[in-house]
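Residue-level listing of the chains:
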Amino acid sequence: MAMLGKPPAILVLEDGTIYRGYAFGCPGRTVGEVVFNTSMTGYQEILTDPSYHGQIVTMTYPHIGNYGVSVYDMESNRPFAKGFIVREFSRTASNHRSNQDLQSFMEQHQIVGIEGIDTRALTRRLRDGGVIKGVIYHGDADEEEVTALVADAREHEDIDGRDMTPEVTTPLPYARPTFKENPRVVVVDFGIKHSIVYKLELAGSEVIVVPAQTTPAQIMALNPYGLVLSNGPGDPDGPKYAHDTVWQLLGLLPTYGICLGHQLLGLAVGGQTFKLKYGHHGANTPVKNVITGAVEITSQNHNYAVSMDSLPGQQFQATHINLNDDTLEGMAHVRYPVFSVQYHPEASPGPHDAGYLFDRFIEEVNAFEGASALPAVKFEGRV
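Thresholds, definitions, all that
Residues numbered from 1 in each chain as written. Predicted model: local features only at pLDDT ≥ 70, side-chain atom pairs only at ≥ 80, totals over all residues. Heavy atoms only, no water. Axes fitted to C-alpha atoms, helices over the stretch in contact; angles between N-to-C directions. Helix = DSSP H or I, 4+ residues; strand = E, 2+ residues; numbered from the N terminus. Parallel < 35°, antiparallel > 145°, perpendicular 65-115°, else oblique. Contact = heavy atoms within 4.5 Å. Pairing = 2+ DSSP bridges. Buried < 20%, exposed > 50% of the residue type's maximum accessible area, 1.4 Å probe, protein only. Arc of directions from axis to C-beta. Patch = residues over 30% accessible without salt bridge, like charges linked within 9 Å, V, L, I, M, F, W, Y side chains within 5 Å. Areas by Shrake-Rupley, 256 points an atom, 1.4 Å probe, with all protein chains shown as cover. Salt bridge = Lys/Arg side-chain N within 4 Å of Asp/Glu carboxyl O. Core = buried A, V, L, I, M, F, W, Y, C linked by side-chain atoms within 4.5 Å. Domains from an automatic or database assignment. Buried area = accessible area lost by both parts, 1.4 Å probe. Nonpolar A, V, L, I, M, F, W, Y, C, P; charged D, E, K, R; others polar. Phe/Tyr/Trp six-rings, centres within 6.5 Å; stacked < 30°, edge-to-face > 60°. Lys NZ or Arg CZ within 6 Å of the ring centre and 35° of its normal.

### Observations concerning the packing of helix H7 (residues 240-249) against helix H8 (residues 260-268)
A pair of packed helices can be characterised by two numbers: the angle between their axes and the separation between those axes.
Moving on, step 1. Viewed as axis vectors pointing N to C, H7 and H8 meet at an angle of 75°, and their least axial separation amounts to 8 Å. With respect to H8, the element H7 is oriented roughly perpendicular. Every residue of H8 that contacts H7 at Ala242, His243, Val246 and Trp247 is listed here: Leu264, Leu265, Leu267 and Ala268.

### So, the sheet that holds strand E13 (residues 226-229)
Moving on, step 1. Taken in spatial order, the ten strands line up as E10-E12-E11-E13-E14-E19-E18-E17-E15-E16 in an open sheet, and their pairing is mixed. Of all strands in the sheet, those bounded by a partner on one side alone are strand E10 (174-175) and strand E16 (295-307).
Moving on, step 2. Here E10 pairs with strand E12 (residues 206-211) via two bridges, running antiparallel. Of the residues in E12, the one forming a bridge with tyrosine 174 is valine 209.
Moving on, step 3. Strand contacts of helix H5 (residues 194-203): strand E11 (184-189), E12, E13 and strand E14 (255-258), with the helix running at about 150° to E12, the strand carrying the most contacts.
Moving on, step 4. Where H8 meets the sheet, it contacts E13, E14, strand E15 (272-289), E16, strand E17 (316-322), strand E18 (328-333) and strand E19 (338-341), and its direction lies at approximately 45° from that of E16.

### Overview of H7
Moving on, step 1. For H7, every residue scored as buried is listed here: Ala242, His243, Thr245, Val246 and Leu249. The buried residues of H7 all sit within an arc of 165° when viewed along its axis, so they share a single face.
Moving on, step 2. Phi for glycine 251, located one or two positions after H7, is positive at around 95°.

### Considerations on a nonpolar patch on the surface
Moving on, step 1. A surface patch of nonpolar side chains, about 230 Å² in accessible area, is lined by Val295, Ile297 and Leu323.
Moving on, step 2. Counting through the fold element by element, leucine 323 comes out in the loop between E17 and E18.
Moving on, step 3. Judged by its relative accessible area of 41%, leucine 323 falls in the partly exposed class.

### Some words on the nonpolar core
Moving on, step 1. Counting 26 residues, the largest nonpolar core has Val188, Phe190, Ile219, Leu227, Leu229, Leu265 and Phe316 as the members making the most contacts within it.
Moving on, step 2. Only E11, E12, E13, H7, H8 and E18 provide two or more residues apiece to this core.
Moving on, step 3. With four residues, the single largest contributor to this core is H8.
Moving on, step 4. The contacts of leucine 265, once residues within four sequence positions are left out, are Leu229, Val246, Leu250, Phe316, Met331, Val338, Phe339 and Ser340.

### Looking at the domain arrangement of the protein chain
Moving on, step 1. Each assigned domain of the protein chain is listed with its residue range as follows: domain 1 (3-155) and domain 2 (165-373).
Moving on, step 2. Each partner contributes to the interface: domain 1 provides 28 residues, whereas domain 2 provides 21 residues.
Moving on, step 3. Interface area for domain 1 against domain 2, summed over the two sides, is near 2,000 Å², with a carbon-plus-sulfur share of 47%.
Moving on, step 4. On the domain 1 side of the interface with domain 2, the three residues burying the most area are Ser51, His53 and Glu75, jointly 27% of the side's total.
Moving on, step 5. The tally of links between domain 1 and domain 2 comes to one salt bridge.
Moving on, step 6. With a closest N to O distance of 2.8 Å, lysine 275 and glutamate 33 form a salt bridge.
Moving on, step 7. Counting only elements with at least two residues in the side of domain 1 that touches domain 2, the list comes to strand E3 (29-37), helix H1 (43-47) and helix H3 (119-129).
Moving on, step 8. Broken down by class, the residue content of the side of domain 1 that touches domain 2 amounts to nine nonpolar, twelve polar and seven charged.

### Focus on the packing of aromatic side chains
Moving on, step 1. Across all of its chains, the model carries seven aromatic pairs by this definition.
Moving on, step 2. In textbook terms, an aromatic cluster arises when at least three aromatic residues are bridged by ring pairs, as seen for Tyr256, Phe339, Phe358 and Phe361.
Moving on, step 3. For arginine 360, the ring lying beneath its charged end belongs to phenylalanine 339, and the centroid distance is 3.8 Å.

### Looking at the pattern of salt bridges
Moving on, step 1. Scanning the entire structure with this criterion turns up 16 salt bridges.
Moving on, step 2. Where arginine 97 meets aspartate 73, a salt bridge forms, and the shortest distance between an N and an O atom there is 3.0 Å. With arginine 97 in the loop between strand E7 (88-89) and helix H2 (102-108) and aspartate 73 in the loop between strand E5 (63-64) and strand E6 (83-86), this pair connects stretches of sequence that are 24 residues apart.
Moving on, step 3. One salt bridge connects aspartate 160 with lysine 275, and the closest N-O pair in it is separated by 2.9 Å. Taken together, the residues aspartate 160 in the loop between helix H4 (143-155) and E10 and lysine 275 in strand E15 connect sequence positions 115 residues apart.
Moving on, step 4. Take aspartate 160: its relative accessible area is 41%, and that puts it in the partly exposed class.
Moving on, step 5. With relative accessibility at 29%, the residue lysine 275 sits in the partly exposed group.

And the structure:
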């Protein structure tokens, strides 16, 4: 029932679990995979991160919306999250940078939200049982309607095995304007965040972003000095063409993979990935750099991980390990400038402990620019 002028809403999970709360955002219903994010700030960056495409995001921090929305904090041209779940939603924005309140932003972009539920209980449910599909529905729902919503959640298409990159990638290549003669880097867009492009430019590169299905020949025709494999949503096993593209380009350019790009690199050389129980979503995950011994607090957003033991030929070494569950967070070729990280070094939201990785990549790009070519690389083990 409505309370204090708030219209009712309901969250129904595919296992029949029901959470009743109040509606906010765009009126309606939405269905997707329910995950939780442990960040205390950055809800706008989370909503506009293409890696959340197909997912309903639960914020563990209880108070959301209080600083509004800023045009400068967009991570893409529009939100990609399917829905939003919070404990307490603020309809008042108090921040000098705010251009819009979160309520009108969600209405504008048709994001359905629910507030007032026990997000701690929901988070425990996801941690214990794993990610699960669910439906947010605005309005009262009787027993018959709840049964129908459970069926909708169960019948919704799984993310597993699905290629989601065509739904988030740029339709056409684009170049960022630059007034300096910096080495050219091609970024393959599997669902890139704006801040990754910004960090590459800040480190000293000319950036050209190309669609996910761009061929190796088309990429090399742009005369790049470096290759970046971007973040993105979904199962890394889905875009088979990306595996082939990465495989064919290995050894031709310094290569830097981020999140989904890290997973695609692992699959391209014959490794395997697996789905985490509830994923890593947040801005406070400790990762150890096993080369230096330093611990970085990182921003993360991924449901899958690369199995280090599956990488063939002992040509890659682990460079970063997750201190919470010992999963692989970074790897590098033992001889050549090919490396990747599972987390988000651009942060947004999150700490900047891993920002050095962009400088490291551009150093390798600059070294390559002064060389005629990389030595031939023999990657073994891929079938």
